Amino acid sequence: MQAERERLVAEFGVARLAQRRMLPDSPPRIPGYEIAAVCRPAREVGGDLYDFLRLPDERIGIVVADVSGKGVPAALYMTLTKGLLASVSETETDPHRILAEVNRHLYEVCRRKVFVTLILGVLDPATKTLHLARAGHNPTVWRQARADDVKGLRAPGLGLGLDKGTLFDRTLKIETVNLEAGDAVLFYSDGITEAMNSEREEYGDERLMQIVRQTDGMSAAGTEEVILTDVYEFLGDESPQDDITLVVLRVA
Amino acid sequence: MPNPFAINTQTQDDITTIAIEGYLDAHTAPQFERAIEDEIGAGRLRIVVDCRSLTYISSAGLGVFMSFIEEVREQGGDIKVAALQPKVESVFEVLGFAEIFDISTDAGAAVARFGDAGTAQHGEN
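Keep in mind that this is a model prediction, so the values were computed, not measured. (Residues numbered from 1 in each chain as written. Chains lettered and ligands numbered in written order. Predicted model: local features only at pLDDT ≥ 70, side-chain atom pairs only at ≥ 80, totals over all residues. Heavy atoms only, no water.)

### Some points on the interface of chain B and chain A
So, point 1. Contacts between chain B and chain A engage 18 residues on the former and 22 residues on the latter.
So, point 2. Counting the surface lost from both chain B and chain A, the interface buries some 1600 Å², and carbon and sulfur atoms represent 54% of this.
So, point 3. When the buried area of chain B at its contact with chain A is split by residue, E70, V94 and L95 of chain B rank highest and sum to 34% of it.
So, point 4. In this structure, the connection of chain B to chain A is made through 2 salt bridges.
So, point 5. One salt bridge connects E70 of chain B with K164 of chain A, and the closest N-O pair in it is separated by 3.3 Å.
So, point 6. Our enumeration of links across chain B and chain A arrives at 6 residue pairs in polar contact (both at pLDDT 80 or more).
So, point 7. Taken together, the elements giving at least two residues each to the side of chain B that touches chain A come down to α2 (59-74), α3 (86-95) and α4 (97-100) of chain B.
So, point 8. With 7 residues, the single largest contributor to the side of chain B that touches chain A is α2 of chain B.
So, point 9. Classifying every residue of the side of chain B that touches chain A by side-chain character gives 7 nonpolar, 5 polar and 6 charged. (Contact = heavy atoms within 4.5 Å. Buried area = accessible area lost by both parts, 1.4 Å probe. Salt bridge = Lys/Arg side-chain N within 4 Å of Asp/Glu carboxyl O. Polar contact = N/O pair within 3.5 Å; in protein donor to acceptor, adjacent residues only side chain to side chain. Helix = DSSP H or I, 4+ residues; strand = E, 2+ residues; numbered from the N terminus. Nonpolar A, V, L, I, M, F, W, Y, C, P; charged D, E, K, R; others polar.)

In C-alpha coordinates:
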(Lines give C-alpha, C1' and ligand atoms only; values in the text may rest on other atoms or scores of the structure.)
Protein backbone atom coordinates (compact mmCIF):
# COMPACT_ATOMS: atom_id res chain seq x y z
CA MET A 1 0.00 0.00 0.00
CA GLN A 2 2.71 2.40 1.05
CA ALA A 3 4.78 1.54 -2.02
CA GLU A 4 1.77 2.06 -4.29
CA ARG A 5 1.09 5.43 -2.69
CA GLU A 6 4.67 6.49 -3.12
CA ARG A 7 4.61 5.44 -6.75
CA LEU A 8 1.48 7.55 -7.35
CA VAL A 9 2.97 10.56 -5.60
CA ALA A 10 6.08 10.22 -7.75
CA GLU A 11 4.01 9.95 -10.94
CA PHE A 12 2.02 13.03 -10.06
CA GLY A 13 5.29 14.83 -9.49
CA VAL A 14 6.35 13.90 -13.01
CA ALA A 15 3.00 15.01 -14.44
CA ARG A 16 3.21 18.32 -12.62
CA LEU A 17 6.69 18.94 -13.95
CA ALA A 18 5.71 17.92 -17.48
CA GLN A 19 2.83 20.35 -17.36
CA ARG A 20 4.96 23.14 -15.99
CA ARG A 21 7.37 22.62 -18.86
CA MET A 22 4.51 23.13 -21.28
CA LEU A 23 4.23 26.76 -20.18
CA PRO A 24 6.53 29.17 -22.02
CA ASP A 25 9.95 29.62 -20.37
CA SER A 26 9.55 33.36 -20.50
CA PRO A 27 7.15 35.84 -22.09
CA PRO A 28 8.15 37.18 -25.51
CA ARG A 29 10.20 40.37 -25.59
CA ILE A 30 8.44 43.03 -27.59
CA PRO A 31 10.00 46.50 -27.80
CA GLY A 32 7.63 49.02 -26.26
CA TYR A 33 5.74 46.39 -24.26
CA GLU A 34 6.18 44.24 -21.19
CA ILE A 35 4.53 40.94 -20.42
CA ALA A 36 4.44 38.99 -17.16
CA ALA A 37 2.69 35.65 -16.73
CA VAL A 38 1.93 33.20 -13.94
CA CYS A 39 -0.04 29.96 -13.64
CA ARG A 40 -0.50 28.25 -10.28
CA PRO A 41 -2.45 24.99 -10.37
CA ALA A 42 -4.63 24.35 -7.30
CA ARG A 43 -3.85 20.62 -7.47
CA GLU A 44 -0.89 18.59 -8.76
CA VAL A 45 -1.98 19.27 -12.31
CA GLY A 46 -4.41 21.84 -13.62
CA GLY A 47 -6.64 22.81 -16.49
CA ASP A 48 -5.41 26.38 -16.94
CA LEU A 49 -3.05 27.45 -19.66
CA TYR A 50 -1.29 30.52 -20.88
CA ASP A 51 0.72 30.73 -24.05
CA PHE A 52 2.19 33.14 -26.57
CA LEU A 53 1.86 32.58 -30.29
CA ARG A 54 4.15 34.14 -32.84
CA LEU A 55 1.84 34.48 -35.82
CA PRO A 56 3.08 34.23 -39.43
CA ASP A 57 2.60 38.00 -39.87
CA GLU A 58 4.83 38.71 -36.84
CA ARG A 59 1.96 39.72 -34.60
CA ILE A 60 1.86 38.16 -31.14
CA GLY A 61 -1.02 36.08 -29.81
CA ILE A 62 -1.56 36.12 -26.05
CA VAL A 63 -3.66 33.23 -24.76
CA VAL A 64 -5.25 32.32 -21.45
CA ALA A 65 -7.49 29.26 -21.35
CA ASP A 66 -9.39 27.28 -18.75
CA VAL A 67 -10.56 23.70 -19.31
CA SER A 68 -13.77 22.73 -17.52
CA GLY A 69 -13.37 20.23 -14.69
CA LYS A 70 -10.23 19.60 -12.68
CA GLY A 71 -7.26 17.32 -12.21
CA VAL A 72 -5.87 14.86 -14.74
CA PRO A 73 -8.71 14.94 -17.32
CA ALA A 74 -8.59 18.75 -17.44
CA ALA A 75 -4.79 18.62 -17.76
CA LEU A 76 -5.01 16.30 -20.75
CA TYR A 77 -7.45 18.58 -22.57
CA MET A 78 -5.25 21.54 -21.69
CA THR A 79 -2.34 19.81 -23.44
CA LEU A 80 -4.54 19.16 -26.46
CA THR A 81 -5.65 22.81 -26.59
CA LYS A 82 -2.07 24.02 -26.48
CA GLY A 83 -1.12 21.69 -29.32
CA LEU A 84 -4.07 22.77 -31.45
CA LEU A 85 -3.29 26.46 -30.95
CA ALA A 86 0.36 25.96 -31.87
CA SER A 87 -0.55 24.00 -34.95
CA VAL A 88 -3.32 26.31 -36.23
CA SER A 89 -1.33 29.49 -35.62
CA GLU A 90 1.52 28.25 -37.80
CA THR A 91 -0.46 29.20 -40.87
CA GLU A 92 -3.40 31.27 -39.65
CA THR A 93 -3.23 34.90 -38.55
CA ASP A 94 -6.88 35.84 -38.16
CA PRO A 95 -8.04 35.44 -34.52
CA HIS A 96 -11.57 34.49 -35.58
CA ARG A 97 -10.31 31.75 -37.88
CA ILE A 98 -7.77 30.50 -35.34
CA LEU A 99 -10.47 29.97 -32.72
CA ALA A 100 -12.98 28.54 -35.22
CA GLU A 101 -10.42 25.95 -36.23
CA VAL A 102 -9.48 25.06 -32.64
CA ASN A 103 -13.19 24.82 -31.79
CA ARG A 104 -13.83 22.42 -34.64
CA HIS A 105 -11.10 20.05 -33.45
CA LEU A 106 -12.03 20.32 -29.78
CA TYR A 107 -15.69 19.65 -30.53
CA GLU A 108 -14.77 16.38 -32.18
CA VAL A 109 -12.95 15.06 -29.11
CA CYS A 110 -14.63 16.81 -26.20
CA ARG A 111 -17.92 14.95 -26.34
CA ARG A 112 -19.61 18.20 -25.37
CA LYS A 113 -19.21 17.57 -21.65
CA VAL A 114 -15.77 19.09 -21.60
CA PHE A 115 -15.29 22.59 -22.88
CA VAL A 116 -12.59 25.20 -22.88
CA THR A 117 -12.96 28.91 -22.30
CA LEU A 118 -10.22 30.93 -23.92
CA ILE A 119 -9.20 34.48 -24.59
CA LEU A 120 -6.92 35.25 -27.51
CA GLY A 121 -5.46 38.73 -27.79
CA VAL A 122 -3.58 39.45 -30.99
CA LEU A 123 -1.18 42.34 -30.47
CA ASP A 124 0.13 44.39 -33.35
CA PRO A 125 3.09 46.10 -31.67
CA ALA A 126 3.55 48.66 -34.45
CA THR A 127 0.00 50.03 -34.49
CA LYS A 128 -0.64 49.45 -30.75
CA THR A 129 -3.82 47.57 -31.55
CA LEU A 130 -5.05 44.53 -29.71
CA HIS A 131 -7.70 42.31 -31.29
CA LEU A 132 -9.57 40.24 -28.73
CA ALA A 133 -11.36 36.99 -29.48
CA ARG A 134 -13.27 35.76 -26.42
CA ALA A 135 -14.44 32.16 -26.43
CA GLY A 136 -16.67 32.15 -23.36
CA HIS A 137 -13.80 33.33 -21.19
CA ASN A 138 -13.89 35.92 -18.39
CA PRO A 139 -13.82 39.53 -19.49
CA THR A 140 -10.43 41.04 -20.24
CA VAL A 141 -9.57 43.96 -17.96
CA TRP A 142 -8.23 47.05 -19.72
CA ARG A 143 -6.68 49.77 -17.60
CA GLN A 144 -6.46 53.06 -19.52
CA ALA A 145 -3.90 55.02 -17.57
CA ARG A 146 -4.24 58.37 -19.35
CA ALA A 147 -8.05 58.39 -19.35
CA ASP A 148 -8.06 57.00 -15.76
CA ASP A 149 -10.60 54.36 -16.70
CA VAL A 150 -10.96 50.59 -16.28
CA LYS A 151 -13.10 48.45 -18.56
CA GLY A 152 -14.11 44.78 -18.55
CA LEU A 153 -14.11 43.78 -22.22
CA ARG A 154 -16.50 40.98 -23.13
CA ALA A 155 -17.15 40.65 -26.82
CA PRO A 156 -19.65 37.89 -27.68
CA GLY A 157 -18.28 34.38 -28.05
CA LEU A 158 -19.08 30.76 -27.11
CA GLY A 159 -16.82 28.44 -25.14
CA LEU A 160 -14.76 26.02 -27.28
CA GLY A 161 -15.97 22.47 -27.79
CA LEU A 162 -19.65 23.25 -27.18
CA ASP A 163 -20.87 23.68 -30.71
CA LYS A 164 -19.92 22.02 -33.98
CA GLY A 165 -19.08 25.31 -35.65
CA THR A 166 -22.01 27.21 -37.14
CA LEU A 167 -23.19 28.80 -33.93
CA PHE A 168 -19.62 29.30 -32.72
CA ASP A 169 -18.64 31.15 -35.89
CA ARG A 170 -21.77 33.26 -35.90
CA THR A 171 -21.48 34.25 -32.25
CA LEU A 172 -17.81 35.18 -32.11
CA LYS A 173 -17.17 38.91 -32.52
CA ILE A 174 -13.68 40.38 -32.47
CA GLU A 175 -13.18 43.46 -30.31
CA THR A 176 -10.39 45.88 -31.19
CA VAL A 177 -8.64 47.96 -28.57
CA ASN A 178 -6.38 50.91 -29.35
CA LEU A 179 -3.73 50.88 -26.67
CA GLU A 180 -1.96 53.95 -25.37
CA ALA A 181 1.22 54.49 -23.41
CA GLY A 182 0.90 53.34 -19.80
CA ASP A 183 -2.12 51.07 -20.39
CA ALA A 184 -2.33 47.62 -18.82
CA VAL A 185 -4.35 44.63 -20.04
CA LEU A 186 -5.12 41.67 -17.77
CA PHE A 187 -5.83 38.22 -19.16
CA TYR A 188 -6.77 35.82 -16.35
CA SER A 189 -8.74 32.76 -15.33
CA ASP A 190 -11.72 32.65 -12.97
CA GLY A 191 -9.41 31.23 -10.30
CA ILE A 192 -8.72 34.89 -9.54
CA THR A 193 -12.20 36.42 -9.66
CA GLU A 194 -13.86 33.40 -8.03
CA ALA A 195 -11.23 32.99 -5.29
CA MET A 196 -13.34 32.48 -2.16
CA ASN A 197 -12.45 33.49 1.39
CA SER A 198 -13.64 31.84 4.61
CA GLU A 199 -16.79 34.02 4.57
CA ARG A 200 -17.65 32.39 1.22
CA GLU A 201 -17.22 35.76 -0.43
CA GLU A 202 -15.68 35.92 -3.90
CA TYR A 203 -12.80 38.18 -4.88
CA GLY A 204 -14.85 39.32 -7.87
CA ASP A 205 -14.40 41.52 -10.95
CA GLU A 206 -14.78 44.75 -8.99
CA ARG A 207 -11.75 44.14 -6.75
CA LEU A 208 -9.64 43.26 -9.75
CA MET A 209 -10.72 46.43 -11.55
CA GLN A 210 -9.96 48.49 -8.44
CA ILE A 211 -6.53 47.03 -7.72
CA VAL A 212 -5.30 47.51 -11.28
CA ARG A 213 -5.93 51.26 -10.89
CA GLN A 214 -3.19 51.27 -8.28
CA THR A 215 -0.57 49.81 -10.61
CA ASP A 216 -0.09 52.72 -13.02
CA GLY A 217 3.58 53.24 -13.81
CA MET A 218 4.56 49.78 -12.58
CA SER A 219 6.29 47.10 -14.63
CA ALA A 220 4.27 44.10 -15.81
CA ALA A 221 5.95 41.93 -13.17
CA GLY A 222 5.26 44.52 -10.47
CA THR A 223 1.61 44.73 -11.54
CA GLU A 224 1.30 40.96 -11.40
CA GLU A 225 2.76 40.89 -7.91
CA VAL A 226 0.42 43.58 -6.61
CA ILE A 227 -2.62 41.74 -7.98
CA LEU A 228 -1.57 38.29 -6.72
CA THR A 229 -0.76 39.69 -3.29
CA ASP A 230 -4.20 41.27 -3.15
CA VAL A 231 -5.88 37.99 -4.13
CA TYR A 232 -3.94 35.95 -1.55
CA GLU A 233 -4.57 38.56 1.15
CA PHE A 234 -8.26 38.33 0.35
CA LEU A 235 -8.12 34.52 0.59
CA GLY A 236 -6.52 34.74 4.03
CA ASP A 237 -6.17 31.22 5.45
CA GLU A 238 -8.17 29.64 2.64
CA SER A 239 -6.28 27.81 -0.10
CA PRO A 240 -7.19 28.62 -3.70
CA GLN A 241 -9.82 26.14 -4.94
CA ASP A 242 -9.03 26.67 -8.59
CA ASP A 243 -5.99 27.29 -10.76
CA ILE A 244 -4.82 30.88 -10.74
CA THR A 245 -3.55 32.26 -14.03
CA LEU A 246 -2.70 35.84 -14.87
CA VAL A 247 -0.99 37.47 -17.84
CA VAL A 248 -0.25 41.19 -17.65
CA LEU A 249 0.47 43.22 -20.77
CA ARG A 250 1.89 46.66 -20.07
CA VAL A 251 2.42 49.33 -22.70
CA ALA A 252 5.61 51.28 -22.05
CA MET B 1 -19.13 17.74 3.11
CA PRO B 2 -21.63 17.43 0.24
CA ASN B 3 -23.34 20.60 -0.83
CA PRO B 4 -27.15 20.57 -0.74
CA PHE B 5 -28.86 19.63 -3.96
CA ALA B 6 -32.40 18.59 -4.76
CA ILE B 7 -34.28 17.78 -7.90
CA ASN B 8 -38.00 17.60 -8.55
CA THR B 9 -39.57 16.48 -11.80
CA GLN B 10 -43.16 17.16 -12.78
CA THR B 11 -44.93 16.52 -16.05
CA GLN B 12 -48.03 18.39 -17.09
CA ASP B 13 -49.60 17.80 -20.48
CA ASP B 14 -46.53 16.94 -22.52
CA ILE B 15 -44.12 19.35 -20.85
CA THR B 16 -41.79 18.24 -18.10
CA THR B 17 -40.48 20.73 -15.58
CA ILE B 18 -37.30 19.72 -13.79
CA ALA B 19 -36.72 21.99 -10.80
CA ILE B 20 -33.15 21.92 -9.50
CA GLU B 21 -32.04 23.56 -6.30
CA GLY B 22 -28.80 24.16 -4.42
CA TYR B 23 -25.41 23.25 -5.88
CA LEU B 24 -25.09 21.73 -9.32
CA ASP B 25 -21.47 20.59 -9.39
CA ALA B 26 -19.38 17.52 -10.22
CA HIS B 27 -20.96 15.62 -7.30
CA THR B 28 -24.58 16.42 -8.09
CA ALA B 29 -24.44 16.64 -11.89
CA PRO B 30 -25.01 12.86 -12.34
CA GLN B 31 -28.42 13.15 -10.61
CA PHE B 32 -29.45 15.91 -12.98
CA GLU B 33 -28.09 13.94 -15.90
CA ARG B 34 -30.18 10.89 -14.92
CA ALA B 35 -33.31 13.01 -14.55
CA ILE B 36 -32.95 14.33 -18.11
CA GLU B 37 -32.08 10.87 -19.46
CA ASP B 38 -35.23 9.48 -17.87
CA GLU B 39 -37.37 12.05 -19.66
CA ILE B 40 -35.69 11.50 -23.01
CA GLY B 41 -35.94 7.73 -22.52
CA ALA B 42 -39.68 8.09 -21.96
CA GLY B 43 -40.01 10.17 -25.10
CA ARG B 44 -40.73 13.40 -23.25
CA LEU B 45 -38.66 15.93 -25.13
CA ARG B 46 -40.25 19.20 -24.05
CA ILE B 47 -38.27 20.02 -20.97
CA VAL B 48 -38.13 23.13 -18.82
CA VAL B 49 -35.33 23.37 -16.27
CA ASP B 50 -36.54 25.59 -13.45
CA CYS B 51 -33.44 27.16 -11.86
CA ARG B 52 -35.29 29.40 -9.40
CA SER B 53 -33.54 27.76 -6.41
CA LEU B 54 -30.27 26.94 -8.13
CA THR B 55 -27.59 28.85 -6.25
CA TYR B 56 -24.40 27.52 -7.88
CA ILE B 57 -23.40 25.84 -11.12
CA SER B 58 -19.97 24.45 -11.96
CA SER B 59 -18.60 23.46 -15.35
CA ALA B 60 -19.75 19.88 -14.73
CA GLY B 61 -23.28 21.19 -14.29
CA LEU B 62 -23.06 23.30 -17.44
CA GLY B 63 -21.83 20.23 -19.28
CA VAL B 64 -25.09 18.41 -18.51
CA PHE B 65 -27.10 21.15 -20.21
CA MET B 66 -24.89 20.93 -23.27
CA SER B 67 -24.77 17.18 -23.49
CA PHE B 68 -28.47 16.76 -24.29
CA ILE B 69 -29.53 19.91 -26.11
CA GLU B 70 -28.54 18.82 -29.58
CA GLU B 71 -30.07 15.36 -29.31
CA VAL B 72 -33.33 16.76 -27.94
CA ARG B 73 -33.59 19.44 -30.62
CA GLU B 74 -32.81 16.97 -33.39
CA GLN B 75 -35.82 14.99 -32.21
CA GLY B 76 -38.04 18.06 -32.29
CA GLY B 77 -37.96 18.92 -28.60
CA ASP B 78 -36.14 21.53 -26.54
CA ILE B 79 -34.59 22.10 -23.15
CA LYS B 80 -35.62 25.55 -22.02
CA VAL B 81 -34.09 27.29 -19.05
CA ALA B 82 -36.05 29.37 -16.57
CA ALA B 83 -35.57 31.70 -13.61
CA LEU B 84 -31.79 31.99 -13.38
CA GLN B 85 -30.48 33.77 -10.30
CA PRO B 86 -28.10 36.64 -11.14
CA LYS B 87 -24.94 34.73 -10.20
CA VAL B 88 -25.87 31.67 -12.27
CA GLU B 89 -27.13 33.87 -15.07
CA SER B 90 -23.78 35.62 -15.36
CA VAL B 91 -22.05 32.21 -15.67
CA PHE B 92 -24.47 31.33 -18.49
CA GLU B 93 -23.84 34.64 -20.20
CA VAL B 94 -20.05 34.71 -20.01
CA LEU B 95 -19.91 31.26 -21.55
CA GLY B 96 -22.26 32.20 -24.37
CA PHE B 97 -25.06 29.87 -23.20
CA ALA B 98 -27.51 32.72 -23.66
CA GLU B 99 -26.93 32.26 -27.40
CA ILE B 100 -27.70 28.56 -27.28
CA PHE B 101 -30.54 28.21 -24.80
CA ASP B 102 -33.97 29.72 -24.75
CA ILE B 103 -33.96 31.39 -21.34
CA SER B 104 -37.11 32.73 -19.66
CA THR B 105 -37.61 34.73 -16.50
CA ASP B 106 -39.85 32.09 -14.91
CA ALA B 107 -40.98 28.52 -15.46
CA GLY B 108 -44.47 29.53 -16.56
CA ALA B 109 -43.06 31.71 -19.32
CA ALA B 110 -40.76 28.89 -20.44
CA VAL B 111 -43.67 26.45 -20.63
CA ALA B 112 -45.65 28.99 -22.63
CA ARG B 113 -42.79 29.29 -25.13
CA PHE B 114 -43.31 25.67 -26.15
CA GLY B 115 -46.74 26.84 -27.30
CA ASP B 116 -45.22 29.78 -29.20
CA ALA B 117 -43.14 27.37 -31.23
CA GLY B 118 -46.40 26.37 -32.86
CA THR B 119 -45.94 22.63 -32.77
CA ALA B 120 -48.93 20.58 -33.84
CA GLN B 121 -49.43 18.42 -30.78
CA HIS B 122 -50.31 21.15 -28.32
CA GLY B 123 -51.40 19.27 -25.21
CA GLU B 124 -55.06 19.86 -24.41
CA ASN B 125 -56.66 17.36 -22.03
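Once the structure has been displayed, the description carries forward.
### With respect to the pattern of salt bridges
So, point 1. Tallied over the full model, the rule gives 22 salt bridges over all chains.
So, point 2. With a shortest N-O distance of 3.3 Å, D149 of chain A and K151 of chain A are connected by a salt bridge.
So, point 3. The exposure class of K151 of chain A is partly exposed, given its relative accessible area of 33%.
So, point 4. Here D102 of chain B makes a salt bridge to R113 of chain B, at a shortest N to O gap of 2.8 Å. Note that D102 of chain B is positioned in the loop between α4 and β5 (103-104) and R113 of chain B in helix α5 (residues 107-116), a separation of 11 residues in sequence. (Buried < 20%, exposed > 50% of the residue type's maximum accessible area, 1.4 Å probe, protein only.)

### Remarks on the packing of aromatic side chains
All names here are of chain B.
So, point 1. Using the criterion set out here, one finds 8 aromatic pairs over all chains in the structure.
So, point 2. A centroid spacing of 5.2 Å and a plane angle of 55° characterise the contact between F32 and F65, whose relative ring orientation is tilted. Of this pair, F32 sits in helix α1 (residues 29-41) while F65 sits in helix α2, and the two are 33 residues apart along the sequence.
So, point 3. Looking at F32, the relative accessible area reads 0%, which means it is buried.
So, point 4. The class for F65 is buried, based on a relative accessible area of 0%.
So, point 5. By way of ring pairs, the aromatic residues F32, F65, F92, F97 and F101 are connected into one cluster. (Phe/Tyr/Trp six-rings, centres within 6.5 Å; stacked < 30°, edge-to-face > 60°.)

### What about a nonpolar patch on the surface?
So, point 1. On the surface, L8, F12, V72 and L76 of chain A cluster together into a nonpolar patch covering about 340 Å² of accessible area.
So, point 2. By relative accessible area, F12 of chain A is classed as partly exposed at 32%. (Patch = residues over 30% accessible without salt bridge, like charges linked within 9 Å, V, L, I, M, F, W, Y side chains within 5 Å. Areas by Shrake-Rupley, 256 points an atom, 1.4 Å probe, with all protein chains shown as cover.)

### Some points on the sheet that holds strand β8 (residues 175-178) of chain A
Residue and element names in this part refer to chain A.
So, point 1. Taken in spatial order, the 5 strands make up an open sheet running β2-β3-β4-β5-β8, and their pairing is antiparallel. Because the sheet does not close on itself, it has two edges, and the strands there are β2 (48-54) and β8. Each adjacent strand pair in this sheet contributes to an overall mean axis angle of 20°, direction not counted.
So, point 2. Against the sheet, helix α2 (residues 71-88) makes contact with β2, β3 (60-67) and β4 (116-124), and its axis sits at roughly 10° relative to β2, the strand it touches most. (Pairing = 2+ DSSP bridges. Axes fitted to C-alpha atoms, helices over the stretch in contact; angles between N-to-C directions.)

### Points about the sheet that holds strand β7 (residues 149-153) of chain A
Residues and elements named next belong to chain A.
So, point 1. Here 5 strands make up an open sheet; going across it, the order is β1-β10-β9-β6-β7 and the pairing antiparallel. With partners counted over all chains shown, the strands left at the sheet margins are β1 (33-40) and β7, one partner each. Across the sheet, the mean angle separating the axes of adjacent strands is 15° when strand polarity is ignored.
So, point 2. Here 3 bridges tie strand β6 (residues 140-144) to strand β9 (residues 184-188), and the two strands are oriented antiparallel to one another. Across the sheet, R143 pairs through a bridge with A184, a residue of β9.
So, point 3. The strands that helix α7 (residues 220-235) touches are β1, β9 and β10 (244-251); relative to β10, the one it contacts most, it runs at about 145°.

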